[in-house]
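Geometric and topological summary
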Amino acid sequence: GAVMSFLVNGHGPADNWTGLFTPGERVRLRFINAAAQMMFNVRIPGLKLTVVAADGQTVKPVEVDEFQIGNAETYDVIVQPIEDKAFTLVAEAVDRSGMGRATLAPRAGMTAPVPPLRERPLATMKDMGMDMSGMDMAAPKPRGSDVMGDMGGMKMSMRDPLNAPQIKLGPGVQTITPMPIDRTSEPGQGLESVGHRVLVYKDLLALTPNPDTRTPTRALEIRLTGNMERFMWGFDGQKFSDATKPYAFDKGERVRVTLVNDTMMAHPIHLHGHFFELTHAPVGFGPRKHTVIVLPGGKVSWDFTADPGDWAFHCHMLYHMHAGMFQVFSVRPLDGGAA
Ligand SMILES: [Cu+2]
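In what follows, the accompanying structure is described. If you're wondering where the values come from, they're calculated on a predicted model, not measured in any experiment. (Residues numbered from 1 in each chain as written. Predicted model: local features only at pLDDT ≥ 70, side-chain atom pairs only at ≥ 80, totals over all residues. Heavy atoms only, no water.)

This paragraph deals with unusual backbone geometry. A cis amide bond, omega 0°, links Arg332 with the succeeding residue Pro333. By the secondary structure assignment, Pro333 is in the segment after strand E23 (326–332). The phi angle at Ala72 is positive, at roughly 85°, despite the residue not being glycine. Among the secondary structure elements, Ala72 is positioned in the loop between strand E6 (66–69) and strand E7 (74–79). Taking the relative accessible area as the measure of exposure, Ala72 reaches 13% and is therefore buried. Even without being glycine, Asp236 reaches a positive phi, approximately 55°. Summarising the element assignment, Asp236 is placed in the loop between strand E14 (232–235) and strand E15 (247–250). (Helix = DSSP H or I, 4+ residues; strand = E, 2+ residues; numbered from the N terminus. Buried < 20%, exposed > 50% of the residue type's maximum accessible area, 1.4 Å probe, protein only.)

Written as C-alpha coordinates, this is what we have:
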(Lines give C-alpha, C1' and ligand atoms only; values in the text may rest on other atoms or scores of the structure.)
Protein backbone atom coordinates (compact mmCIF):
# COMPACT_ATOMS: atom_id res chain seq x y z
CA GLY A 1 0.00 0.00 0.00
CA ALA A 2 0.90 3.62 -0.22
CA VAL A 3 3.11 4.97 2.52
CA MET A 4 2.71 8.54 3.67
CA SER A 5 5.93 10.51 3.60
CA PHE A 6 6.39 13.81 5.36
CA LEU A 7 8.61 16.48 3.89
CA VAL A 8 10.59 19.43 5.19
CA ASN A 9 11.08 22.06 2.50
CA GLY A 10 10.19 19.38 -0.01
CA HIS A 11 12.69 16.83 1.29
CA GLY A 12 11.94 13.46 2.84
CA PRO A 13 13.51 12.22 6.07
CA ALA A 14 16.35 10.39 4.30
CA ASP A 15 17.34 13.49 2.33
CA ASN A 16 18.58 15.14 5.51
CA TRP A 17 17.72 18.69 4.50
CA THR A 18 20.17 20.79 6.50
CA GLY A 19 20.08 24.38 7.66
CA LEU A 20 23.53 25.75 8.46
CA PHE A 21 24.39 27.87 11.48
CA THR A 22 27.47 29.37 13.05
CA PRO A 23 27.71 28.18 16.66
CA GLY A 24 26.49 30.87 19.03
CA GLU A 25 24.37 32.77 16.54
CA ARG A 26 20.65 33.25 16.95
CA VAL A 27 18.63 31.75 14.13
CA ARG A 28 15.02 32.57 13.36
CA LEU A 29 13.10 29.64 11.93
CA ARG A 30 9.67 30.07 10.42
CA PHE A 31 7.58 26.93 10.61
CA ILE A 32 4.59 26.73 8.29
CA ASN A 33 2.34 23.72 8.29
CA ALA A 34 1.79 23.48 4.55
CA ALA A 35 0.57 19.89 4.65
CA ALA A 36 -2.80 18.98 3.22
CA GLN A 37 -4.12 16.89 6.06
CA MET A 38 -1.57 16.31 8.83
CA MET A 39 -0.80 18.24 11.97
CA PHE A 40 2.69 17.99 13.44
CA ASN A 41 4.51 18.08 16.75
CA VAL A 42 7.71 20.05 16.24
CA ARG A 43 10.82 19.90 18.37
CA ILE A 44 14.61 20.13 18.07
CA PRO A 45 16.05 17.94 20.84
CA GLY A 46 18.81 19.83 22.63
CA LEU A 47 17.56 23.29 21.71
CA LYS A 48 15.04 25.57 23.37
CA LEU A 49 12.52 27.09 21.01
CA THR A 50 11.68 30.72 21.68
CA VAL A 51 8.39 31.44 19.95
CA VAL A 52 8.27 35.06 18.80
CA ALA A 53 5.42 35.07 16.29
CA ALA A 54 2.26 33.12 15.58
CA ASP A 55 0.62 33.26 12.15
CA GLY A 56 3.09 36.01 11.30
CA GLN A 57 2.00 38.24 14.19
CA THR A 58 4.54 39.02 16.88
CA VAL A 59 3.99 37.61 20.35
CA LYS A 60 5.78 38.08 23.64
CA PRO A 61 8.66 35.60 23.47
CA VAL A 62 7.90 32.29 25.12
CA GLU A 63 10.41 29.49 25.53
CA VAL A 64 9.23 25.95 24.93
CA ASP A 65 10.63 22.55 23.99
CA GLU A 66 7.92 21.59 21.53
CA PHE A 67 4.79 22.84 19.83
CA GLN A 68 1.92 21.37 17.88
CA ILE A 69 1.15 23.10 14.60
CA GLY A 70 -2.13 22.86 12.71
CA ASN A 71 -2.50 23.13 8.97
CA ALA A 72 -1.92 26.75 7.88
CA GLU A 73 -0.60 27.83 11.25
CA THR A 74 2.86 29.34 11.40
CA TYR A 75 5.27 29.83 14.27
CA ASP A 76 8.45 31.87 14.19
CA VAL A 77 10.98 30.42 16.56
CA ILE A 78 14.42 31.60 17.62
CA VAL A 79 17.05 29.02 18.45
CA GLN A 80 20.60 29.56 19.59
CA PRO A 81 22.79 26.50 19.05
CA ILE A 82 26.01 27.04 20.96
CA GLU A 83 27.78 23.74 20.45
CA ASP A 84 29.61 22.79 17.28
CA LYS A 85 27.34 19.86 16.50
CA ALA A 86 24.24 18.84 14.59
CA PHE A 87 20.66 18.95 15.89
CA THR A 88 17.73 17.00 14.49
CA LEU A 89 14.58 18.90 13.65
CA VAL A 90 11.62 16.61 14.23
CA ALA A 91 8.15 17.21 12.82
CA GLU A 92 6.27 14.23 14.16
CA ALA A 93 2.88 13.47 12.61
CA VAL A 94 0.28 13.77 15.37
CA ASP A 95 -0.98 10.26 14.61
CA ARG A 96 2.63 9.03 14.84
CA SER A 97 2.47 7.61 11.33
CA GLY A 98 5.82 9.15 10.46
CA MET A 99 7.87 12.28 10.75
CA GLY A 100 9.42 15.04 8.79
CA ARG A 101 13.10 15.23 9.63
CA ALA A 102 15.75 17.82 8.94
CA THR A 103 19.03 18.90 10.50
CA LEU A 104 20.51 22.10 11.82
CA ALA A 105 24.28 21.87 11.66
CA PRO A 106 27.43 23.99 11.48
CA ARG A 107 28.49 22.14 8.30
CA ALA A 108 26.77 20.20 5.55
CA GLY A 109 26.72 16.41 5.76
CA MET A 110 26.33 16.19 9.53
CA THR A 111 23.59 14.29 11.33
CA ALA A 112 22.28 13.94 14.85
CA PRO A 113 20.33 11.04 16.38
CA VAL A 114 16.74 10.82 15.17
CA PRO A 115 14.39 10.00 18.05
CA PRO A 116 11.91 7.18 17.50
CA LEU A 117 8.22 7.88 16.99
CA ARG A 118 6.43 8.12 20.30
CA GLU A 119 3.40 6.06 21.23
CA ARG A 120 0.24 6.79 19.30
CA PRO A 121 -2.23 8.77 21.40
CA LEU A 122 -5.76 7.55 22.04
CA ALA A 123 -8.81 9.75 22.31
CA THR A 124 -10.03 10.35 25.83
CA MET A 125 -13.37 11.07 27.45
CA LYS A 126 -12.33 14.72 27.35
CA ASP A 127 -12.16 14.45 23.57
CA MET A 128 -15.79 13.38 23.67
CA GLY A 129 -16.67 16.56 25.48
CA MET A 130 -16.94 14.92 28.84
CA ASP A 131 -14.44 16.00 31.42
CA MET A 132 -14.72 13.20 33.91
CA SER A 133 -12.15 14.48 36.35
CA GLY A 134 -13.55 14.02 39.81
CA MET A 135 -16.48 11.96 38.59
CA ASP A 136 -17.00 8.37 39.52
CA MET A 137 -18.02 7.03 36.19
CA ALA A 138 -19.89 3.97 35.09
CA ALA A 139 -18.44 2.04 32.18
CA PRO A 140 -19.52 3.57 28.90
CA LYS A 141 -21.99 1.70 26.74
CA PRO A 142 -20.75 0.16 23.50
CA ARG A 143 -19.66 2.33 20.62
CA GLY A 144 -22.58 3.84 18.78
CA SER A 145 -24.90 4.06 21.73
CA ASP A 146 -26.33 7.49 22.24
CA VAL A 147 -26.50 7.80 25.96
CA MET A 148 -23.26 7.35 27.84
CA GLY A 149 -24.97 6.06 30.92
CA ASP A 150 -26.35 7.47 34.09
CA MET A 151 -23.54 9.25 35.87
CA GLY A 152 -24.47 10.02 39.40
CA GLY A 153 -27.99 10.87 38.37
CA MET A 154 -26.83 12.98 35.43
CA LYS A 155 -27.94 11.67 32.07
CA MET A 156 -25.35 12.61 29.49
CA SER A 157 -26.57 12.43 25.94
CA MET A 158 -23.96 12.50 23.22
CA ARG A 159 -26.43 13.91 20.71
CA ASP A 160 -28.81 16.21 22.53
CA PRO A 161 -29.95 18.98 20.14
CA LEU A 162 -30.86 21.15 23.11
CA ASN A 163 -27.11 21.58 23.65
CA ALA A 164 -26.79 23.33 20.27
CA PRO A 165 -30.10 24.43 18.73
CA GLN A 166 -28.34 25.98 15.73
CA ILE A 167 -27.27 22.56 14.49
CA LYS A 168 -29.22 21.11 11.58
CA LEU A 169 -29.59 17.49 12.55
CA GLY A 170 -28.87 14.76 10.04
CA PRO A 171 -26.43 11.95 9.31
CA GLY A 172 -23.63 14.52 9.24
CA VAL A 173 -23.99 15.07 12.96
CA GLN A 174 -22.75 12.02 14.82
CA THR A 175 -22.39 13.65 18.20
CA ILE A 176 -23.08 16.93 19.96
CA THR A 177 -20.59 17.68 22.67
CA PRO A 178 -22.56 17.86 25.91
CA MET A 179 -19.99 19.80 27.95
CA PRO A 180 -17.46 21.55 25.72
CA ILE A 181 -14.55 22.98 27.64
CA ASP A 182 -11.89 25.56 26.93
CA ARG A 183 -8.83 23.48 26.10
CA THR A 184 -6.54 26.33 25.05
CA SER A 185 -4.32 25.70 28.06
CA GLU A 186 -3.63 22.18 26.80
CA PRO A 187 -0.71 21.24 24.57
CA GLY A 188 -2.67 19.22 22.02
CA GLN A 189 -3.49 15.57 21.61
CA GLY A 190 -0.69 13.21 22.50
CA LEU A 191 1.50 15.86 24.15
CA GLU A 192 -0.02 15.81 27.62
CA SER A 193 2.83 13.90 29.24
CA VAL A 194 5.91 14.21 27.07
CA GLY A 195 8.02 15.42 29.98
CA HIS A 196 8.95 18.86 28.73
CA ARG A 197 7.31 22.19 28.06
CA VAL A 198 4.90 22.28 25.14
CA LEU A 199 3.44 25.51 23.82
CA VAL A 200 -0.24 26.13 24.59
CA TYR A 201 -2.40 28.87 23.12
CA LYS A 202 -2.67 30.56 26.51
CA ASP A 203 1.10 31.14 26.41
CA LEU A 204 0.60 33.49 23.49
CA LEU A 205 0.24 37.23 24.09
CA ALA A 206 0.43 39.94 21.45
CA LEU A 207 3.75 41.79 21.67
CA THR A 208 2.16 45.16 20.90
CA PRO A 209 -1.42 46.36 21.53
CA ASN A 210 -4.01 45.25 18.99
CA PRO A 211 -5.58 47.86 16.69
CA ASP A 212 -9.17 47.33 17.83
CA THR A 213 -9.81 46.82 21.52
CA ARG A 214 -13.56 47.38 21.58
CA THR A 215 -15.71 44.93 23.48
CA PRO A 216 -17.67 42.69 21.11
CA THR A 217 -21.31 43.65 20.71
CA ARG A 218 -22.44 40.22 19.57
CA ALA A 219 -21.63 36.59 20.23
CA LEU A 220 -21.82 33.83 17.65
CA GLU A 221 -21.35 30.15 18.37
CA ILE A 222 -20.40 27.89 15.48
CA ARG A 223 -20.37 24.13 15.93
CA LEU A 224 -17.86 21.92 14.14
CA THR A 225 -19.84 18.84 13.20
CA GLY A 226 -19.07 15.55 11.54
CA ASN A 227 -19.56 11.87 11.07
CA MET A 228 -16.27 9.97 11.14
CA GLU A 229 -17.62 6.76 9.58
CA ARG A 230 -19.20 8.55 6.63
CA PHE A 231 -16.45 11.17 6.33
CA MET A 232 -19.00 13.96 6.55
CA TRP A 233 -17.80 17.31 7.83
CA GLY A 234 -19.54 20.65 8.20
CA PHE A 235 -20.42 23.62 10.35
CA ASP A 236 -23.62 23.58 12.39
CA GLY A 237 -24.59 20.28 10.79
CA GLN A 238 -24.38 21.49 7.21
CA LYS A 239 -21.82 20.94 4.53
CA PHE A 240 -21.10 24.00 2.43
CA SER A 241 -22.99 22.78 -0.64
CA ASP A 242 -26.14 22.44 1.49
CA ALA A 243 -25.81 25.70 3.38
CA THR A 244 -28.44 28.22 2.39
CA LYS A 245 -26.80 31.32 3.73
CA PRO A 246 -23.40 32.52 4.87
CA TYR A 247 -22.54 33.79 8.33
CA ALA A 248 -23.48 37.47 8.06
CA PHE A 249 -21.71 40.38 9.73
CA ASP A 250 -21.96 44.15 9.64
CA LYS A 251 -18.97 46.10 8.45
CA GLY A 252 -16.77 47.05 11.38
CA GLU A 253 -18.76 44.95 13.79
CA ARG A 254 -16.89 43.44 16.74
CA VAL A 255 -18.03 39.87 17.26
CA ARG A 256 -16.99 37.16 19.68
CA VAL A 257 -17.00 33.88 17.80
CA THR A 258 -16.91 30.64 19.75
CA LEU A 259 -16.02 27.48 17.88
CA VAL A 260 -17.26 24.29 19.52
CA ASN A 261 -15.89 20.97 18.31
CA ASP A 262 -18.61 18.32 18.28
CA THR A 263 -16.38 15.78 16.54
CA MET A 264 -13.78 13.36 17.84
CA MET A 265 -10.81 14.94 16.12
CA ALA A 266 -9.01 18.26 16.15
CA HIS A 267 -9.70 20.76 13.37
CA PRO A 268 -7.49 23.72 12.40
CA ILE A 269 -10.06 26.39 11.55
CA HIS A 270 -8.98 29.19 9.26
CA LEU A 271 -10.53 32.56 8.40
CA HIS A 272 -9.49 34.55 5.36
CA GLY A 273 -8.94 38.29 5.30
CA HIS A 274 -8.71 38.80 9.05
CA PHE A 275 -6.66 38.26 12.12
CA PHE A 276 -8.83 37.32 15.06
CA GLU A 277 -7.76 37.65 18.67
CA LEU A 278 -7.91 34.80 21.15
CA THR A 279 -9.71 35.94 24.27
CA HIS A 280 -7.56 34.66 27.15
CA ALA A 281 -5.28 37.69 27.28
CA PRO A 282 -5.66 41.12 28.90
CA VAL A 283 -7.66 43.53 26.73
CA GLY A 284 -5.74 44.42 23.60
CA PHE A 285 -3.15 41.67 23.90
CA GLY A 286 -4.96 38.63 22.56
CA PRO A 287 -2.66 36.85 20.13
CA ARG A 288 -3.77 37.60 16.59
CA LYS A 289 -4.23 34.53 14.45
CA HIS A 290 -5.84 33.40 11.22
CA THR A 291 -6.00 29.73 12.15
CA VAL A 292 -6.73 27.99 15.42
CA ILE A 293 -6.86 24.32 16.35
CA VAL A 294 -10.08 23.37 18.11
CA LEU A 295 -9.51 20.21 20.10
CA PRO A 296 -12.22 17.54 20.18
CA GLY A 297 -14.80 18.26 22.84
CA GLY A 298 -13.24 21.69 23.15
CA LYS A 299 -14.15 25.25 22.38
CA VAL A 300 -12.14 28.29 21.38
CA SER A 301 -13.35 31.89 21.51
CA TRP A 302 -11.98 34.78 19.52
CA ASP A 303 -12.93 38.37 18.80
CA PHE A 304 -12.66 39.94 15.39
CA THR A 305 -13.54 43.13 13.55
CA ALA A 306 -15.53 42.35 10.42
CA ASP A 307 -13.96 43.69 7.25
CA PRO A 308 -16.19 44.12 4.17
CA GLY A 309 -16.21 41.26 1.69
CA ASP A 310 -16.93 37.57 1.41
CA TRP A 311 -14.34 35.57 3.26
CA ALA A 312 -13.66 31.87 3.21
CA PHE A 313 -13.95 30.21 6.61
CA HIS A 314 -12.97 26.57 6.74
CA CYS A 315 -11.15 23.68 8.28
CA HIS A 316 -7.67 23.74 6.80
CA MET A 317 -7.49 19.98 6.50
CA LEU A 318 -7.99 19.67 2.78
CA TYR A 319 -10.29 16.66 2.81
CA HIS A 320 -12.46 18.11 5.56
CA MET A 321 -12.80 21.34 3.63
CA HIS A 322 -13.69 19.50 0.46
CA ALA A 323 -16.20 17.35 2.32
CA GLY A 324 -18.00 20.52 3.37
CA MET A 325 -16.40 21.98 6.49
CA PHE A 326 -16.38 25.32 4.74
CA GLN A 327 -18.51 28.43 4.93
CA VAL A 328 -18.44 32.11 4.06
CA PHE A 329 -18.20 35.09 6.38
CA SER A 330 -20.18 37.71 4.50
CA VAL A 331 -19.55 41.27 5.70
CA ARG A 332 -21.70 44.12 4.41
CA PRO A 333 -21.93 46.78 3.18
CA LEU A 334 -19.03 46.48 0.80
CA ASP A 335 -16.80 49.52 0.59
CA GLY A 336 -18.24 51.91 -1.97
CA GLY A 337 -21.23 49.68 -2.65
CA ALA A 338 -24.80 49.26 -1.53
CA ALA A 339 -25.66 46.76 1.17
CU1 LIG B 1 -11.18 19.35 9.95
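Here the narrative resumes.
Here we take up the nonpolar core. Of all hydrophobic cores here, the largest spans 62 residues; its most connected members are Tyr75, Leu259, Trp302, Phe304 and Phe313. Of all the elements, strand E8 (residues 87–93) adds the most residues to this core, at 4 residues. Both domains that meet at this core, namely domain 1 (13–105) and domain 2 (201–332), each give it at least three residues. When sequence neighbours within four positions are dropped, the list of residues in contact with Trp302 reads Val255, Arg256, Val257, Leu259, Leu271, Phe276, Glu277, Leu278, Thr279, Val292, Phe313 and Phe329. (Core = buried A, V, L, I, M, F, W, Y, C linked by side-chain atoms within 4.5 Å. Domains from an automatic or database assignment. Contact = heavy atoms within 4.5 Å.)

Here we come to the coordination of the copper ion. Surrounding the copper ion are the protein donor atoms His267 (ND1), Cys315 (SG) and His320 (ND1), which sit 2.0 to 2.1 Å from the metal. Of note, the copper ion draws all its donor residues from one chain, in the sequence arrangement H-x47-C-x4-H. Taken as a pair, His267 in strand E17 (residues 267–271) and Cys315 in strand E22 (residues 309–315) lie far apart in primary sequence, 48 residues in all. Here His267 falls in the buried class, since its relative accessible area comes to 0%. According to the relative accessible area criterion, Cys315 is buried, its value standing at 0%. (Donors = N, O, S within 2.8 Å, 3.2 Å for Na, K, Ca; no water.)

The next subject is the sheet that holds E7. Strand order in the open sheet formed by 4 strands is E2-E7-E4-E5, and the pairing between neighbours is antiparallel. Both outer strands of the open sheet, strand E2 (27–32) and strand E5 (57–64), are each paired with one neighbouring strand and no more. Pairs of neighbouring strands in the sheet enclose a mean axial angle of 25°, with direction left out of account. Sheet analysis places strand E4 (residues 49–54) next to E5, joined by 5 bridges and oriented antiparallel. Looking at the pairing, Leu49 lines up with Val64 of E5. (Pairing = 2+ DSSP bridges. Axes fitted to C-alpha atoms, helices over the stretch in contact; angles between N-to-C directions.)

Take the pattern of salt bridges next. Under the definition given, this model contains 23 salt bridges. Notably, a salt bridge pairs Glu66 with Arg118, separated by 2.6 Å at the nearest N-O pair. With Glu66 in strand E6 and Arg118 in the loop between strand E9 (99–105) and strand E10 (147–151), the pair connects residues that are 52 residues apart, well separated along the chain. Here Lys289 ties to Glu73 by a salt bridge, and the two come within 2.7 Å at their closest N and O atoms. Of the two residues, Lys289 is situated in strand E19 (residues 288–289) and Glu73 in the loop between E6 and E7; the sequence distance between them amounts to 216 residues. Lys289 gets classed as buried once you look at its relative accessible area, which sits at 0%. A network of salt bridges, in which partner residues are shared, links Glu66, Glu92, Arg96 and Arg118. (Salt bridge = Lys/Arg side-chain N within 4 Å of Asp/Glu carboxyl O.)

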